[in-house]
Amino acid sequence: MNCRHCGQGLHHVFLDLGSAPPSNAYVSAQGLREPEVHYPLRLFVCEACWLVQTEDHAHADELFRDDYAYFSSTSRSWLAHAEAYSRMIVERLHLDARSHVLEVAANDGYLLRNFVAAGIPCLGVEPTAGTAQAARALGIPIVQAFFGVPLATELASQGAAADLIICNNVFAHVPDINDFAAGLRVALKPEGVVTIEFPHLLRMIALTQFDTAYHEHFSYLSLHSAARVLRAAGLRVCDVEQLPTHGGSLRVYACHEAASHPVTPAVAAVLADEEAAGLRTLAPYLAFQARADAVKDGLLEFLLACKREGRRVMGYGAAAKGNTLLNYAGVRPDLLPCIADAAPSKQGRHTPGTHIPIVAPSHLLEQKPAIVLILPWNIADEVVQQLAEVRRWGGRFAVAVPKLALL
């Protein structure tokens, strides 16, 4: 396999999690009686451009199907994050009714709803039918398609070039990252700005966040690798912010090469942090597998001990990262009988691969388990607050990443 960005041969495995189904391919009761497609889940690092990427197997249309079950609005903290971003960027870029905002991967309208409320013209691009329909119900215009140069060219020719293009947690999700970046350039006005949020590879390595690896994440990005992809497309990074979301993310600001936006000192500071961590050397990549295995082993030891001691454990949050962890660890309903999730789109279905039933949070509260294992550890504080009742009966919360811990 060759690197998706620079075309160099890939020879170094960063992480091998065996085979698993797509992490958002939740299984219905009928589906339990049918074959389930698994793909190898193996990540390589390119020694030429340092882009970490999945091995080519699954195609985007196989991963982001019409029944795609991830709805961003399910998370209160993510809604708050989107609202705060919207207020900030409107003020920073002086957006108003004469501006145009484009969001790529608009999902269920969790973010663009803020621009609609502010009277700022906007358009969302969203390939999955269920989330696109939810966004339209909020009055958000949606183009249901995958984004790239062809769609960007069409939008620009229709006068829909953007003053602001928003890409939250989508840059890592595209199989052709070069075409996606080139599309951003085509759809952006000459003085426009692109903001791109993605989990920071530096944090993934430092905190052993191997469960953020799944087939839908084709790329795992540092600022160095993201800037290189953007630069090849004719865009330059002019600012960057470090965010707490998803265990540690970057918000990258990019613009046309000839735009007037100055480069802030934050860009050099983050690049220096990455250099100090050795992200342009092989050592941290080649050491990651053993650390991931230790997390997996720690979870299994904990669940087996709870079973021997008669302490009932139930999960919370049937998130993609949880599915990666459970599949790699081989956890089945005998160790984790159910997972509660607030998203109605997941309730009544089963986790991909492990086939653990997904239930409403009310079921967990009725059953009163001794331990609630929070699988989306990045929103653990939010979950603990929502399920405060657990501690009233003496229950405990636990997370498995970056290491097994009782909260």
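For the structure, check the block above.
This one's a predicted model, so the numbers in the text were calculated from it and none came from an experiment. (Residues numbered from 1 in each chain as written. Predicted model: local features only at pLDDT ≥ 70, side-chain atom pairs only at ≥ 80, totals over all residues. Heavy atoms only, no water.)

Visitor: Would you take a moment to explain the packing of aromatic side chains for this structure?
Guide: Each pair of aromatic rings is reported with the distance of its centres and the angle of its planes. Using the criterion set out here, one finds seven aromatic pairs in the structure. For the pair Phe14 and Phe288, a centre-to-centre distance of 4.6 Å together with 15 degrees between the ring planes defines the contact as stacked. Taken together, the residues Phe14 in strand β1 (residues 12-20) and Phe288 in helix α11 (residues 288-309) connect sequence positions 274 residues apart. Classification of Phe14 as buried rests on a relative accessible area of 1%. The class of Phe288 is buried, set by a relative accessible area of 0%. Arranged with centres 5.3 Å apart and planes meeting at 70 degrees, the rings of Phe147 and Phe180 form a pair that is edge-to-face. (Phe/Tyr/Trp six-rings, centres within 6.5 Å; stacked < 30°, edge-to-face > 60°. Helix = DSSP H or I, 4+ residues; strand = E, 2+ residues; numbered from the N terminus. Buried < 20%, exposed > 50% of the residue type's maximum accessible area, 1.4 Å probe, protein only.)

Visitor: Help me understand the environment of Asp108, please; the structure alone is not making it clear to me.
Guide: In this structure, Asp108 sits in the loop between β4 (101-104) and α3 (112-117). The spacing of Asp108 and Gln133 is 25 residues in sequence and 7.4 Å in space, taken between C-alpha atoms. A polar side-chain atom of Asp108 sits 3.2 Å from the main-chain amide nitrogen of Tyr110. (Polar contact = N/O pair within 3.5 Å; in protein donor to acceptor, adjacent residues only side chain to side chain.)

Visitor: Where do I start with α11 in this structure?
Guide: In an α-helix, one turn spans 3.6 residues, which is why side chains three or four residues apart end up on the same side. Between its terminal C-alpha atoms α11 stretches 32 Å, which fits the 32 Å expected from 22 residues at 1.5 Å a residue. For α11, the complete set of buried residues consists of Phe288, Ala292, Val295, Lys296, Gly298, Leu299, Phe302, Leu303, Ala305 and Cys306. Residue Gly310 follows α11 closely and has a positive phi angle near 75 degrees. (Expected span 1.5 Å × (residues − 1).)

Visitor: Sorry if this is basic, but what is going on with unusual backbone geometry here?
Guide: Across the chain, the bulk of peptide bonds are trans and the bulk of non-glycine residues have phi less than zero. Across the junction of Val401 and Pro402, the peptide omega takes the value 5 degrees, indicating a cis bond. Note on placement: Pro402 falls in the loop between β16 (396-399) and β17 (405-406). The phi dihedral of Asn169 falls on the positive side, at around 55 degrees, and the residue is not glycine. Here Asn169 is to be found in the loop between β7 (162-168) and α6 (177-187).

Visitor: Looking at this structure, I do not really get the sheet that holds strand β12 (residues 313-316). What am I missing?
Guide: Within a sheet, each strand pairs with its neighbour through backbone hydrogen bonds, oriented either parallel or antiparallel. As summarised here, the arrangement of the six strands in space is β14-β13-β12-β15-β16-β17, forming an open sheet in which the pairing is mixed. Two strands bound the open sheet, and with one partner strand each, they are β14 (358-359) and β17. Here β12 runs beside strand β15 (residues 371-374); their pairing, made up of four bridges, is parallel. The partner of Tyr316 across the bridge, within β15, is Ile374. (Pairing = 2+ DSSP bridges.)

Visitor: Looking at this model, I keep getting lost on the pairing of strand β5 (residues 122-125). Mind explaining?
Guide: Consecutive residues of a regular strand have side chains that alternate between opposite faces of the sheet. Taking every second residue as pointing to the same face, both faces of β5 are buried, with Cys122 and Gly124 on one and Leu123 and Val125 on the other. Pairing between β4 and β5: four bridges, direction parallel. Among the inter-strand pairings, Val101 is bridged to a residue of β5, identified as Cys122. Assessed by its sense of winding, the connection that carries the chain from β4 through α3 to β5 is right-handed. Pairing analysis gives two bridges linking β5 to strand β6 (residues 142-143), with the strands arranged parallel. Each residue of the ladder has a partner; that of Gly124, found in β6, is Ile142. (Right-handed = clockwise from strand over helix to strand, strands pointing away.)

Visitor: Where do I start with the pattern of salt bridges in this structure?
Guide: Between side chains of opposite charge, pairing is possible as soon as their charged atoms come close. Using the criterion set out here, one finds 13 salt bridges in the structure. A salt bridge links Glu197 to Arg251; its shortest N-O distance comes to 2.9 Å. Taken together, the positions of Glu197 in strand β8 (residues 188-199) and Arg251 in strand β11 (residues 249-256) put the pair 54 residues apart, joining distant regions of the chain. As far as the burial class goes, Glu197 and Arg251 line up, both buried. Sharing partners across several salt bridges, the network here consists of Arg92, Glu197, Asp239, Glu241 and Arg251. (Salt bridge = Lys/Arg side-chain N within 4 Å of Asp/Glu carboxyl O.)

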